[in-house]
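Okay, here's what each chain looks like letter by letter:
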Amino acid sequence: MEIKLKDLKEQALKEIENIRNSEEWQNIENKYFSRKSGELAKLLKDIKEVSDDLRPKIGAVANEIKNEISKALEQKKQDLNLDIDEDLERDFIDVTLEIEKYKLGHLHPVTQVQTELEDIFKSMGFMVLDGPELESDYYNFEGLNIPTWHPARDMQDTFYIDPKTVNGTENLVMRTQTSSVQVRAMQKHGAPLRVVIPGRCFRNEATDVRHEHTFYQLEGLMIDKNISFTDMCGFLETVAQKLYGEDTKIRLRPKYYPFVEPGVNGEVTCFLCHGKGCKLCKNSGWLEIVGAGMVHPNVLKAGNVDPDKYQGFAFGFGLTRLVMLKYNIDDIRLLQSGDLRFLNQF
Ligand code: FA5
């Protein structure tokens with residue numbers, strides 16, 4: 001090790017002797033003193049391998065040699081009267097170095113499908129509204145024709161909030177459905193009205209591959225004069241065709257929702273097998289995508305809309321389920337897992 005150090009010193013002093021200009025000076029300085037790749041740095045690393053009893057002696061020799069080379073360099077600079085910009089040297093940035101590039105993020109798949117749906121409805125003259133996630137019992141249930149005693153409350157297992165915790169007197173719930181914005185929208189904007197409301201909903205679910213405690217819906221409401229059930233059917237078919245293609249058909253079957261009369265469950269022909277039957281549609285040929293119906297007169301009244309003058313229909317898409325269908329995702333819980341290995345696929 002000692003011999004190696006002495007050889008290095010001799011070689012360095014010889015090279016310093018031959019320096020004729022600033023460029024050569026800087027090259028030599030770099031060759032010996034560069035922190036990462038300099039000859040001295042390499043040797044100092046080797047010293048770590050030397051046995052404990054010899055290390056202090058070798059360390060001292062190395063230090064001495066380092067000082068000698070440094071002094072010789074300094075002397076050469078003065079002898080040749082070199083003008084070396086040391087700041088520039090210290091701050092030198094190698095622009096050719098490869099750096100790790102920042103990866104750009106992208107919209108969450110739920111947001112992507114939400115935007116796609118919003119665009120479809122905006123093109124049909126609908127406005128997009130928002131509503132509170134922490135909602136009063138009134139807008140989530142009562143105003144929607146579901147009084148406290150009504151058995152339909154059991155259809156949605158709800159997170160009730162103790163009013164004391166939010167310094168209020170009102171009964172609050174985490175909204176179970178975006179239908180909670182129906183009455184708010186009518187009260188604020190009156191009739192006629194075309195509005196969609198995308199947003200998060202919460203239910204006290206035992207979660208599984210198709211059920212989350214937190215999920216997204218997209219609500220729609222159309223109120224006007226002379227709106228009939230057939231208008232609703234035609235409208236839902238148009239939306240389905242815009243979503244899944246011109247040859248898509250829609251099937252409506254009766255379903256009970258307290259805030260519409262009559263109420264339906266809307267299915268579309270499976271966009272993967274076009275109705276023939278496949279794994280996605282569980283061989284039925286149909287995919288369930290929407291709940292809908294004609295707005296109940298009690299709900300119109302709660303929204304200060306006269307049911308003798310106006311009628312309308314409401315619909316609610318399970319937005320998270322639409323995302324699952326679109327991308328063939330077999331476990332809803334992946335969507336909120338925050339797992340980048342999953343999210344980076346979209
Ligand atoms: C409703 O929530 C009604 N508000 C829909 C509606 C609006 C009907 C307007 C009539 C008029 P339902 O509870 O069926 O309905 O939920 C609607 C959709 O939300 C379901 O079809 C499903 O796609 C989705 N959904 C419900 N619960 C969950 C859950 N726990 N996880 C994921 N998606 C869910």
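For the structure itself, look to the data block above.
Everything numeric in this text was worked out from a predicted model, so none of it was measured.

Asks: Even after reading the chapter, I still don't get the sheet that holds strand β1 (residues 127-128), so can you show me in this structure?
Replies: What links the strands of a sheet is backbone hydrogen bonding, and the strands pair in either a parallel or an antiparallel sense. If you trace the seven strands from one edge of the open sheet to the other, you get β1-β5-β6-β10-β9-β8-β7, paired in mixed fashion. Two strands in the sheet have a free side with no partner beyond their single neighbour: β1 and β7 (250-254). As paired elements, β1 and strand β5 (residues 193-202) share two bridges and run parallel to each other. Along β5, the bridge assignment pairs Val128 with Val196.

Asks: What's the story with the pairing of strand β8 (residues 260-269) in this structure? I'm lost.
Replies: Each regular strand carries side chains that alternate between the two faces of the sheet. Counted residue by residue, β8 has eight buried out of 10 residues, so it is predominantly covered. Pairing analysis gives five bridges linking β7 to β8, with the strands arranged antiparallel. Following the sheet pairing, Ile250 is matched in β8 by Val268. Where β7 folds back onto β8 in an antiparallel hairpin, the turn is made up of five residues. Note: β8 against strand β9 (residues 286-295), eight bridges, orientation antiparallel. Opposite Thr269, over in β9, you have Trp286 as the bridge partner.

Asks: Would you explain the site of the ligand in this entry?
Replies: The environment of the ligand is formed by 24 residues, the closest being Gln177, Ser179, Arg203, Glu205 and Glu212. Contacts to the ligand include Ser179, whose side-chain N or O atom sits 2.7 Å from a nitrogen atom. Here Arg203 contributes a side-chain N or O atom positioned 3.0 Å from an oxygen atom of the ligand. Look at the ligand: alone it shows 680 Å² of surface, and the protein chains cover 92% of it. Those elements that provide at least two residues to the shell around the ligand are β6 (214-224), β9 and β10 (311-318).

Asks: Explanation requested: the environment of Ile65 in the structure shown.
Replies: Topologically, Ile65 is positioned in helix α4 (residues 55-79). For Ile65, a relative accessible area of 4% puts it in the buried group. The spatial distance from the C-alpha of Ile65 to the C-alpha of Leu5 is 7.4 Å, given a sequence separation of 60 residues. When residues no more than four places from it in sequence are discounted, the contact partners of Ile65 are Leu5, Lys6 and Lys9.

Asks: What is the right way to read the packing of helix α3 (residues 39-47) against α4 from this model?
Replies: For any two helices packed against each other, one specifies the crossing angle of their axes together with the interaxial distance. Running from N to C, α3 and α4 point in directions that differ by 170°, and their axes come no closer than 10 Å. Put simply, α3 runs roughly antiparallel to α4. Counted together, Leu40, Leu44 and Ile47 of α3 and Arg55, Ile58, Gly59, Ala62, Lys66 and Ile69 of α4 form the full contact between these two elements. Here the residues of the contact of α3 with α4 sort into six nonpolar, one polar and two charged.

Criteria and thresholds
Residues numbered from 1 in each chain as written. Predicted model: local features only at pLDDT ≥ 70, side-chain atom pairs only at ≥ 80, totals over all residues. Heavy atoms only, no water. Pairing = 2+ DSSP bridges. Helix = DSSP H or I, 4+ residues; strand = E, 2+ residues; numbered from the N terminus. Buried < 20%, exposed > 50% of the residue type's maximum accessible area, 1.4 Å probe, protein only. Near = heavy atom within 4 Å. Polar contact = N/O pair within 3.5 Å; in protein donor to acceptor, adjacent residues only side chain to side chain. Areas by Shrake-Rupley, 256 points an atom, 1.4 Å probe, with all protein chains shown as cover. Contact = heavy atoms within 4.5 Å. Axes fitted to C-alpha atoms, helices over the stretch in contact; angles between N-to-C directions. Parallel < 35°, antiparallel > 145°, perpendicular 65-115°, else oblique. Nonpolar A, V, L, I, M, F, W, Y, C, P; charged D, E, K, R; others polar.

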